[in-house]
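Working through the structure, step by step
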Amino acid sequence: MRVRLHYSIKIIVVLILIMVVSPAFANDEGDDVSGTLFHHVLNGNEITLFPGTPVIILPYGISVHGFMLFLSVVIIAGLFLFSIKKGVRKPRGMAVFLESIVIFVRDDIVYPIMGREKGEGWLAFFSTLFIFLSTINLLGLIPAFKTATGNINVTSALAIMVFLLMFIIGIKNLGLFRFFKNLYPEGVSPGIGIFVTFLEFFGLFTKSIVLSLRLFANMFAGHLAILSFLVLIFVINPFFGFVAVPFAVFTYTLEVLVALLQAFVFTLLSCIFIMMTSTPEGEQ
Amino acid sequence: MELFKLDPGLAIWTWIAFGILFFILWKFAFPVLIGNIKEREKLIAKSVDDADEIEKRLKEINIEYAEIIKKARTEADGILLETRKESDLLKRKLLLKAEEEAADIVIQIKDKMSKEREALLLALQGEIADFVCNTSAQIVETSFTSEKDHDWAMELVKTL
């Protein structure tokens, strides 16, 4: 009981501090709430590491989202190159974590969908995709950083890559004629068959577009939700922080889950789509 | 709208970033990592196989052990039965031998006893005869005073 009281007092003190200090960091844009919100979510070339500290402007026209992409590349490559050692029978620390991610991708995404034989060649690609997306999504949850996957251009680029792979691998495995024949349904009249083939063909595009939009919307909306709760403190009343901060914390926690879940969904669907287009219908 | 503003440069940077990362991981990290995982999985699979083999062998040994125990028990029962039969036979033989010996001893004793009795009887007869003779002689000496009686008596004694 005493411990609970102790924590409750701490939480109340933190909330009061947030309410007292927060107006000092309010954006100059004042009443332009949507502008303030989008300023924190959309791409730009400015980074503010801590409230009140000077704004860092990225050189050579590098955008924050581009910077986040390369930061995640550096982090992932660094983690892999420094922690994975050859011939280690009992991995420790980070190596265990990285191995478990790769095993997760292998056993829960690649092998169940593609099979062991075919999946072995694709494991590196899908593991990289999953780790890349997870890192970008999670980096965006660190205050002062931005989520690159909250930018439609980034998610579209990745979706286009998957779309091109669907075509290239499909045509390479099946041949051009069988690739399109694969879209044609069995046992229907030619008119309906051609119509369905047409729909299936455009389905390939829509699948990729949806893949891109799903990731973008989830990541963008999550951050927007957190910021919206916090902006309410400035818009309504500082005392609204008693409601807004717990909600923001809850949404933030949810965002951690969503960040990993969306990386998983993107990787899983990419794997399914590539497998679907590169395998004859009977063998799927 | 700012939200959906096209930025081909960022898209190209995304491909480049992903390409660089994929190349680094594919070239330097994944061969080592996947190799380690495979090696460990092989080791685990081998250990599991070994454990299965040991378990199988253990089951076989248990079966063999049970069979040996069963066989030993059967053999022991057989040996026990055989021994019991042999001991019964030996007991019977010994009993017969003892009976025979006892009978022999009885016969011998009986012989000895009859011989001794005969000897005793003979001795007794001699003693009695001597006694009778002596007694008769004394009677004759005391009772037959005449010469004629004495002679008759002596004659009678001689005939005995």
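It should be noted that the structure appears before, not after, this text.
All values reported here derive from a predicted model rather than from experimental measurement.

1. Some remarks on the side chain of A:His65
Looking at the element boundaries, A:His65 is found in helix α3 (residues 64–83). Those residues in contact with A:His65, other than ones at most four positions away along the chain, are A:Val41, A:Leu42, A:Asn43, A:Lys146, A:Thr147, A:Ala148, A:Asn151 and B:Leu10.

2. As for the interface of chain B and chain A
Contact with chain B, which involves 33 residues of that partner, is made by 43 residues of chain A. For the chain B and chain A pair, buried surface summed over both sides reaches about 3,400 Å², with 76% attributable to carbon and sulfur atoms. Considering only the side of chain B, the residues that lose the most area to chain A are B:Leu3, B:Leu10 and B:Phe18, jointly responsible for 19% of the buried surface there. Viewed at the interface, chain A and chain B are joined by three salt bridges. A salt bridge links A:Glu120 to B:Lys38; its shortest N-O distance comes to 2.9 Å.

3. Describing a nonpolar patch on the surface
A surface patch of nonpolar side chains, amounting to about 720 Å² of accessible area, comprises A:Ile160, A:Leu164, A:Ile168, B:Ile12, B:Trp13, B:Trp15, B:Ile16 and B:Ile20. Only α6 (152–174) of chain A together with α1 (8–143) of chain B provide two or more residues apiece to the nonpolar patch. When residues of the nonpolar patch are assigned to their parent elements, the largest contribution, five residues, is made by α1(B). Note that A:Ile168 resides in helix α6. Residue classification places A:Ile168 among the exposed positions, given a relative accessible area of 53%.

4. What to know about the side chain of A:His223
All names here are of chain A. Mapped onto the fold, His-223 is located in helix α8 (residues 190–235). Within the local environment of His-223, its side chain forms a polar contact with the side chain of Glu-255, the two groups lying 3.4 Å apart. Ignoring anything within four residues of it in the chain, the contact list for His-223 reads Val-41, Gly-140, Leu-141, Thr-147 and Glu-255.

5. Regarding a negative patch on the surface
Together, B:Asp49, B:Asp52, B:Glu53 and B:Glu55 make up a negatively charged patch on the protein surface. Along the chain, B:Glu53 turns up in helix α1.

Criteria and cut-off values
Residues numbered from 1 in each chain as written. Chains lettered and ligands numbered in written order. Predicted model: local features only at pLDDT ≥ 70, side-chain atom pairs only at ≥ 80, totals over all residues. Heavy atoms only, no water. Helix = DSSP H or I, 4+ residues; strand = E, 2+ residues; numbered from the N terminus. Contact = heavy atoms within 4.5 Å. Buried area = accessible area lost by both parts, 1.4 Å probe. Salt bridge = Lys/Arg side-chain N within 4 Å of Asp/Glu carboxyl O. Patch = residues over 30% accessible without salt bridge, like charges linked within 9 Å, V, L, I, M, F, W, Y side chains within 5 Å. Areas by Shrake-Rupley, 256 points an atom, 1.4 Å probe, with all protein chains shown as cover. Buried < 20%, exposed > 50% of the residue type's maximum accessible area, 1.4 Å probe, protein only. Polar contact = N/O pair within 3.5 Å; in protein donor to acceptor, adjacent residues only side chain to side chain. Lys, Arg positive; Asp, Glu negative; His and termini not counted. Charge placed at Lys NZ, Arg CZ, Asp CG, Glu CD.

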